[in-house]
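# Architecture at a glance
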Amino acid sequence: MSLDELLESGNVPTKGDVTEEELAKLFRKFRGLQKKQERDQAFWAATNENLKTAYEKLDEKDRELARAYAIIQDDLSVASKIQGALLPELPGKMASDLELAVYHKQLAEVGGDYYDFFKTCSGNHAIGVFDISGHGVSAALVMTYLKAQFMTILETLDSPKAIVEWVNSTSYDFLKTVKKYATVNFVVMNATALRYVSGGGFGLLLSGKNSTVFQKRDSFLGLRRRPFHEHELPFKKGDLLAMYTDGIVEAQTDKGDDYSVQRLNDLIIRNAKEPVKDIVDLCVKDYTKFRSKDSDDITLLILRKKV
Amino acid sequence: MGKDSKASELVVFGATIQGYAQACINLNIVAGSKAENLIGEIEVTGWYPFEKLREIERVVTEAYENAGPILERVGMEMMLGWYHYGPGKEIVKRGVDFLYFQTGSQGYASVVKGPQELVGSFNLEFVDEQKGRARINSTTPFNKDQERGVIIGGMSAPGDLDYIDVKNQENPQIFEIEFA
């Protein structure tokens, strides 16, 4: 039986089974295997050591990442408080003239939906609802910029067209630079009428049994240097005005069905006699039941003229 | 630097660099984009500054505290590639042929060019097939652990030797070889 056959059989050979030559070959093979094992051992020991070092480095990176994440979370928490503080309280005079409720929810700690209450240079109430492109810190920073612009110009102008055009004109280059734009829904109310400019926002006015949807034919802020259009509608005691961003109406179910403007407007119209706080709550409840998950910032503002 | 590189500086044959890099990849010493960077833009028939090879070597020495056994294995892996996918099978029929191939530094000279004082030599001093002993003297700029691996790998590749041991612990440039 040859050496190969003996090895194949797995049986331990006796002296007579192998020749001296085969025995010598076995010895050489054994030494060769010993050397190979030594080299393998050294290789795997070095590899193992390297793995251990790699894990230690990974651990350290994990800790660094956790520290950085905590700092970012702290910053975001502060930013969220700052943004919250920048959103307005209802001014006393406005509160006595209007019954008003707002639902405002940012997708992240800070966001790009923004609403504000102003008084024009003529003493008229003005309300703006904006949706800045994107989410997060960059959108929130743009919000603070736009707020400052509106606060500045409202001291000298009363026309929503003039106000929005001025803000667009002065903000255009900045918004281009930071690659942002914002939808705008801006309303100025006097004793008998409201005037509005709408560039991408959503608005619904209910007066008795009549409903009017805002014409949103204008461009977004920061998108084009074009004139805006001003529309005027009668606005009397008891009339209901809803202004909102796309957060609710573009929400989807798991199957991809849209909530839709129609659904929200119908819900508001059906419940128009209710207190505005109740209408907002109903809308939010319906939205929450409908959507699979929040995927955008949300602003829904509903007001009723009291006087 | 490509195929037409002048040998006024130390240059290495592209296939050698690629073989070195491929060995590192095969042994999972590098992966992903780092691996692509090692191989990228190397033409097998081109000549490249020796520094290119040092760059790859640094990948190993910076990652491993004890890089010796790893470089030895890289050298072995390189020669398996040379034998199975390169010209090795034509040159080396028996393990001992790999030693003869180093006579007068001919093997080394086919992959490294440049000023003699920088190139050095990788020369077979003697071989005794009966006793299973040989010696190679190396004055090349290559890592000596890796060169030990190259000798082991080159001699093992044909598969006819039962036993190979290469020692250079006393003098890194002198490789004492035992084989059977």
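### Some remarks on the overall build of chain B
Looking only at helices and strands, chain B has 9 helices and 7 strands in total. Counting every position in chain B, which comprises 180 residues, the buried fraction comes to 41%. Of the contacts formed within chain B by residues at least 6 apart in sequence, a portion of 66% connects residues at least 24 apart.

### Describing the packing of helix α7 (residues 261–270) of chain A against helix α8 (residues 276–290) of chain A
All names here are of chain A. At their nearest, the axes of α7 and α8 sit 10 Å apart, and the two run at 145 degrees to each other. As α7 runs across α8, the sense of the crossing is right-handed. In this structure, α7 uses Leu264, Leu267 and Ile268 to contact α8, whose residues at the interface are Ile279, Leu282, Cys283 and Asp286. In terms of residue class, the contact of α7 with α8 is made up of 6 nonpolar, no polar and 1 charged.

### Structural notes on the interface of chain A and chain B
Across the contact, 13 residues belong to chain A and 13 residues belong to chain B. Split into classes, the residues belonging to the side of chain A that touches chain B amount to 3 nonpolar, 3 polar and 7 charged.

### Considerations on the nonpolar core
In terms of nonpolar packing, the biggest core is built from 62 residues, with A:Ala182, A:Val187, A:Met243, A:Ile248, A:Leu301 and A:Ile302 touching the most fellow members. Setting aside its immediate chain neighbours within four residues, A:Leu301 contacts A:Val102, A:Tyr115, A:Ile127, A:Val129, A:Met243 and A:Tyr244. Of all hydrophobic cores here, the second largest spans 45 residues; its members include B:Cys24, B:Val119, B:Phe122 and B:Ala134.

### Let's talk about the sheet that holds strand β6 (residues 164–167) of chain B
Residues and elements named next belong to chain B. Spatial ordering of the open sheet is given by β4-β5-β7-β6, a layout of 4 strands whose pairing is antiparallel. This sheet does not close on itself; its edge strands, each paired only once, are β4 (122–128) and β6. The mean angle between the axes of side-by-side strands here comes to 20 degrees, regardless of whether they run parallel or antiparallel. The pairing of β4 with strand β5 (residues 133–138) spans 6 bridges and is classified as antiparallel. Its bridge partner lying in β5, Asp128 is registered against Arg133. Sitting on the sheet, helix α9 (residues 144–156) touches β5, β6 and β7 (174–179), and the angle it makes with β6 is about 160 degrees.

### Let's talk about the packing of helix α2 (residues 20–86) of chain A against helix α4 (residues 68–85) of chain B
Each packed pair of helices is defined by two parameters, the angle between the axes and the distance between the axes. At their nearest, the axes of α2(A) and α4(B) sit 8 Å apart, and the two run at 120 degrees to each other. As the angle between them shows, α2(A) and α4(B) are arranged oblique. Remark: the crossing between α2(A) and α4(B) carries left-handed chirality. Between α2(A) and α4(B), the residues in contact are A:Arg39, A:Ala42, A:Phe43 and A:Ala46 and B:Pro69, B:Ile70, B:Glu72 and B:Arg73, respectively.

### Comments concerning the confidence of the model for chain B
When pLDDT is averaged across chain B, the result is 91; 96% of the residues are at 70 or more. Confidence metrics for the complex model read pTM 0.67 and ipTM 0.87.

### Concerning the sheet that holds strand β2 (residues 113–119) of chain A
All names here are of chain A. Read from one edge of the open sheet, 5 strands run β2-β3-β4-β5-β8, paired in antiparallel fashion. Edge positions in the sheet fall to β2 and β8 (231–234), since each has one partner strand and no second. In this sheet, adjacent strand axes meet at a mean angle of 20 degrees when their direction is disregarded. On the sheet, helix α5 (residues 160–177) packs against β4 (182–189) and β5 (193–199) and is oriented at approximately 150 degrees with respect to β4.

Conventions used here
Residues numbered from 1 in each chain as written. Chains lettered and ligands numbered in written order. Predicted model: local features only at pLDDT ≥ 70, side-chain atom pairs only at ≥ 80, totals over all residues. Helix = DSSP H or I, 4+ residues; strand = E, 2+ residues; numbered from the N terminus. Buried ≥ 20, exposed ≤ 12 C-beta atoms within 10 Å, placed from the backbone. Contact = placed C-beta atoms within 7 Å. Axes fitted to C-alpha atoms, helices over the stretch in contact; angles between N-to-C directions. Left-handed = near helix turned anticlockwise from the far one by under 90°. Nonpolar A, V, L, I, M, F, W, Y, C, P; charged D, E, K, R; others polar. Core = buried A, V, L, I, M, F, W, Y, C linked by C-beta atoms within 7 Å. Pairing = 2+ DSSP bridges. Parallel < 35°, antiparallel > 145°, perpendicular 65-115°, else oblique. pLDDT = per-residue confidence, 0-100.

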